[in-house]
Amino acid sequence: MRRPRSQRRAVDEAREAHDAGARRRALGLVAAVLAASCASCSRGGGGEQDAAAAGSAGRAPASSGAGAGQGQRRASAAVKELEVRKLSPGAAVAIDGRLDEPAWQAAARTGPFVNVGTGREDPSLPTQGEARLLWDDAFLYVGFDVSDATITGGFPQDARDPHLWERDTVEVMIDPDGDGDNKDYYEIQISPQNLVFDAQFDDYNAPRGGPSGPFGHQEWSAGLTSAVTLRGTIDDGSDQDQGYVVEAKIPWSAFAKAKAAPPSPGDAWRMNFYAMQNNGGAAWSPILGEGNFHRARRFGRVRFAGAGGEASGAGAPARDAGAAPVTAPARDAGPAPSAAPPGAEGAAGERPGVAAPSAPAGPKPGYRADPPDR
């Protein structure tokens, strides 16, 4: 039966009112969900203070929830920090390329180096590494443990300031003022051959003589003592190497541009450490696209503590040395017998009478890091 027009109008109005109420309730529910999501984001984002504290251990803090990605990005952007303990009175470190003294076992460690562009550990990189640090009133002590399946040298043994970054090397960048302004900083590289490149810079990458150098004031010398042990055979592609260890002591007197050297407990310098191959590599503190390996504002902060202070990473076990290593003589110690078994060749260092290994045709193919060191 057909309803009167007035009844049909009333039914239509009731239906419209019901639909409008349903829409309002749906919109209210969506607004509530969005509000809850935003609150979750603000709680899970992390922050630079958290990242800076975690940087002393060499790793970014773990995050969970909706803000995990944001927290990881902020953590990787934070500058790393490391507290370095002074050697106890009577303690000694022999520069022999072996990080086996008790002092090294308790030394501050950077933790595994990371991808210079992302700030994260990257197993795909052909070189991996970490560094350890100690100090006393006369020297800064640095130890590197590098993983590398193809150890490359190939420079003449009498080379002065060779371009070590073109093959395999470790690198230390040091800005004594600790302000990260790139004024008056130092670069030191030591290769598996126990060769050294060292230079002092007035400003970011300056002075620079062109694509082939000179790079910085290459007449500057760190006056360091260093030694290397190899876990493999240098410049021999017929086997798979494991890596190498570099040990060095650098006199504080070399840092003439520093406000105070040696530092006092509580002082902080800016430093960075790299394990390199073919003009790229892994770093302690990542550069994150802000320049090349010389960008001092991306160097980590190394804070010096007294002998009784706690060191970050203290007591962590040394890496497995693997097979009996081949030892390079310390650079200033004169000739020294090799620790290798008969027939093995060591990193020649500067020992007279040892022929330099045959040089490869050029940098290793198939790997290029961004940004480069040069």
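Not measured: the values here are computed from a predicted model.

Novice: Can you help me understand the overall build of the protein in this one?
Specialist: The helix and strand inventory of the protein stands at four helices and 14 strands. Residues counted as buried form 48% of the 374 residues belonging to the protein. Here the analysis covers contacts within the protein between residues at least 6 apart in sequence; of these, 69% occur between residues at least 24 apart.

Novice: Is there a simple way to think about the pairing of strand S10 (residues 243–251) in this case?
Specialist: The buried fraction of S10 amounts to eight of the nine residues, a majority that puts the element mostly inside the structure. Two elements, strand S5 (residues 139–148) and S10, share nine bridges in a ladder whose sense is antiparallel. Its bridge partner lying in S10, Val-146 is registered against Tyr-244. Where strand S9 (residues 225–231) lies against S10, seven bridges are found, and the strand directions are antiparallel. Of the residues in S10, the one forming a bridge with Ala-227 is Glu-247.

Novice: Explanation requested: empty space enclosed by the protein in the structure shown.
Specialist: If a probe the size of a water molecule is rolled over the atoms, the empty space left behind becomes visible. The full count for this structure, using the stated rule, is one cavity of 30 Å³ or more. The volume enclosed by the largest cavity comes to roughly 40 Å³. In terms of lining residues, the largest cavity is bounded by Val-142, Phe-144, Val-170, Val-172, Ile-188, Ile-190, Val-246, Ala-248 and Ile-250. Looking at the lining of the largest cavity, the elements with two or more residues in it are S5, strand S6 (168–175), strand S7 (185–190) and S10. Element by element, the count of residues in the lining of the largest cavity is highest for S10, at three residues. Here the lining of the largest cavity is built from residues that sort into nine nonpolar, no polar and no charged.

Novice: Before we go on, may I ask you to explain the environment of Met-271 in this structure?
Specialist: Its location among the elements puts Met-271 in strand S11 (residues 268–277). A sequence separation of 31 residues divides Met-271 from Val-302, and the C-alpha atoms of the two residues are 6.6 Å apart. Not counting residues within four places of it along the chain, the set of residues in contact with Met-271 comprises Leu-140, Met-173, Ile-174, Trp-284, Phe-299, Gly-300, Val-302 and Phe-304.

Novice: Honestly, the nonpolar core in this entry has me stumped. Any pointers?
Specialist: One broad rule of soluble globular proteins: the nonpolar side chains tend to lie buried together. Counting residues in each nonpolar core, the largest one holds 42 residues, and the members touching the most others are Leu-140, Phe-144, Ile-190 and Phe-273. If we skip the residues at most four places from it in the chain, Phe-144 touches Leu-99, Phe-113, Glu-130, Ala-131, Val-170, Glu-171, Val-172, Tyr-244, Val-245, Val-246, Phe-273 and Tyr-274.

Novice: Just to check I follow, could you spell out the pairing of S6 for this structure?
Specialist: Look at any regular strand and the pattern is simple: side chains alternate between the two faces of the sheet. Counting buried positions along S6 yields eight of eight residues, so the element is predominantly enclosed. Here S6 shows two buried faces, one formed by Asp-168, Val-170, Val-172 and Ile-174 and the other by Thr-169, Glu-171, Met-173 and Asp-175. Pairing geometry for S6 and S11, over eight bridges, is antiparallel. Bridged to Glu-171 within S11 is Tyr-274.

Novice: Would you take a moment to explain the side chain of Asp-168 for this structure?
Specialist: Of note, Asp-168 is situated in strand S6. Overall, the relative accessible area of 1% leaves Asp-168 in the buried class. Engagement of the side chain of Asp-168 in a polar contact is seen with the backbone nitrogen of Thr-152, the distance being 2.7 Å.

Novice: Can you walk me through the packing of aromatic side chains in this structure?
Specialist: Where two aromatic rings form a pair, the distance of their centres and the angle of their planes describe that pair. Scanning all chains against the criterion turns up 18 aromatic pairs. Between the aromatic rings of Trp-165 and Phe-215, the centroid separation amounts to 5.3 Å while the plane-to-plane angle is 90°, which identifies the pairing as edge-to-face. Placement of Trp-165 in the loop between S5 and S6 and of Phe-215 in the loop between strand S8 (196–201) and S9 is noted, with a sequence separation of 50 residues between them. The pair Trp-165 / Phe-215 is uniform in exposure class, with both members buried.

Novice: What is the right way to look at the side chain of Glu-187 in this model?
Specialist: Following the sequence through the fold, Glu-187 ends up in strand S7. Engagement of the side chain of Glu-187 in a polar contact is seen with the side chain of Gln-189, the distance being 2.9 Å.

Novice: Explain the confidence of the model for the protein to me, please; I cannot follow it from the model alone.
Specialist: Note: predicted coordinates in regions of low pLDDT should not be interpreted at a detailed level. For the protein, the mean per-residue pLDDT works out to 76, and 62% of the residues sit at or above 70. Every residue in residues 333–370 is under pLDDT 50, and counting partners more than four places away or in other chains gives 73 contacts.

Novice: Explain the environment of Ala-103 here, please?
Specialist: Summarising the element assignment, Ala-103 is placed in helix H4 (residues 102–105). When its relative accessible area of 16% is taken as the criterion, Ala-103 is described as buried. For the pair Ala-103 and Val-93, spaced ten residues apart in sequence, the C-alpha separation works out to 7.2 Å. The residues touching Ala-103, leaving out its near neighbours within four places in the chain, are Leu-87, Val-93 and Leu-134.

Novice: Sorry if this is basic, but what is going on with unusual backbone geometry here?
Specialist: Peptide bonds are mostly trans, and most non-glycine residues show a negative phi. Here the amide bond leading from Gly-213 into Pro-214 is cis, since omega sits at 5°, within 30 degrees of zero. Here Pro-214 lies in the loop between S8 and S9. Note that the residue after Ala-261, namely Pro-262, is joined by a cis bond; omega there is 10°. Mapped onto the secondary structure, Pro-262 falls in the loop between S10 and S11. The phi dihedral of Asn-182 is positive, around 70°, even though this residue is not glycine. Summarising the element assignment, Asn-182 is placed in the loop between S6 and S7. Residue class for Asn-182 comes out buried when judged on its relative accessible area of 3%.

Rules of the game
- Within each chain, residues carry numbers counting from 1 in the order of the written sequence.
- Residue-level local features of this predicted model are given only where pLDDT is at least 70; pairs of side-chain atoms are given and counted only at 80 or more, and the full residue set underlies all totals for whole chains, interfaces and linings.
- Note: side-chain values were computed over all heavy atoms of the structure, leaving out hydrogens and water.
- Each helix is a run of H or I in the DSSP string that is no shorter than four residues. Each strand is a run of E no shorter than two, and both are numbered from the N terminus.
- Burial here depends on accessible area, computed with a 1.4 Å probe over protein chains only, as a share of the maximum for the residue type. Under 20% is buried, over 50% is exposed, and the range in between is partly exposed.
- The contact rule is simple, with two residues in contact once any of their heavy atoms fall within 4.5 Å.
- Strands qualify as paired when DSSP identifies two bridges or more between them.
- Cavity: a set of points on a 1 Å grid over the protein atoms alone where a 1.4 Å probe fits but cannot get out. Pocket: an open set with protein on both sides within 12 Å along at least five of seven lines, its lining residues, like those of a cavity, having an atom within 4 Å of a point.
- Grid points are joined across faces, edges and corners, and a volume is the space filled by probe spheres set on the points.
- Put simply, Ala, Val, Leu, Ile, Met, Phe, Trp, Tyr, Cys and Pro go in the nonpolar bin, Asp, Glu, Lys and Arg in the charged bin, and everything else, Gly too, in the polar bin.
- What is meant by a nonpolar core is a set of buried Ala, Val, Leu, Ile, Met, Phe, Trp, Tyr and Cys residues, joined one to another through side-chain atoms within 4.5 Å.
- Two N or O atoms count as a polar contact when they lie within 3.5 Å, although within protein this holds only if one can serve as hydrogen donor and the other as acceptor, and sequence-adjacent residues are included solely when both atoms are side-chain atoms.
- Two rings belonging to Phe, Tyr or Trp (six-membered ring only in the last case) form a pair when the distance between their centres is within 6.5 Å. Interplanar angles under 30 degrees mark stacking, angles over 60 mark edge-to-face geometry, and anything in between is tilted.
- Values of pLDDT, which run from 0 to 100, indicate the predictor's confidence residue by residue.

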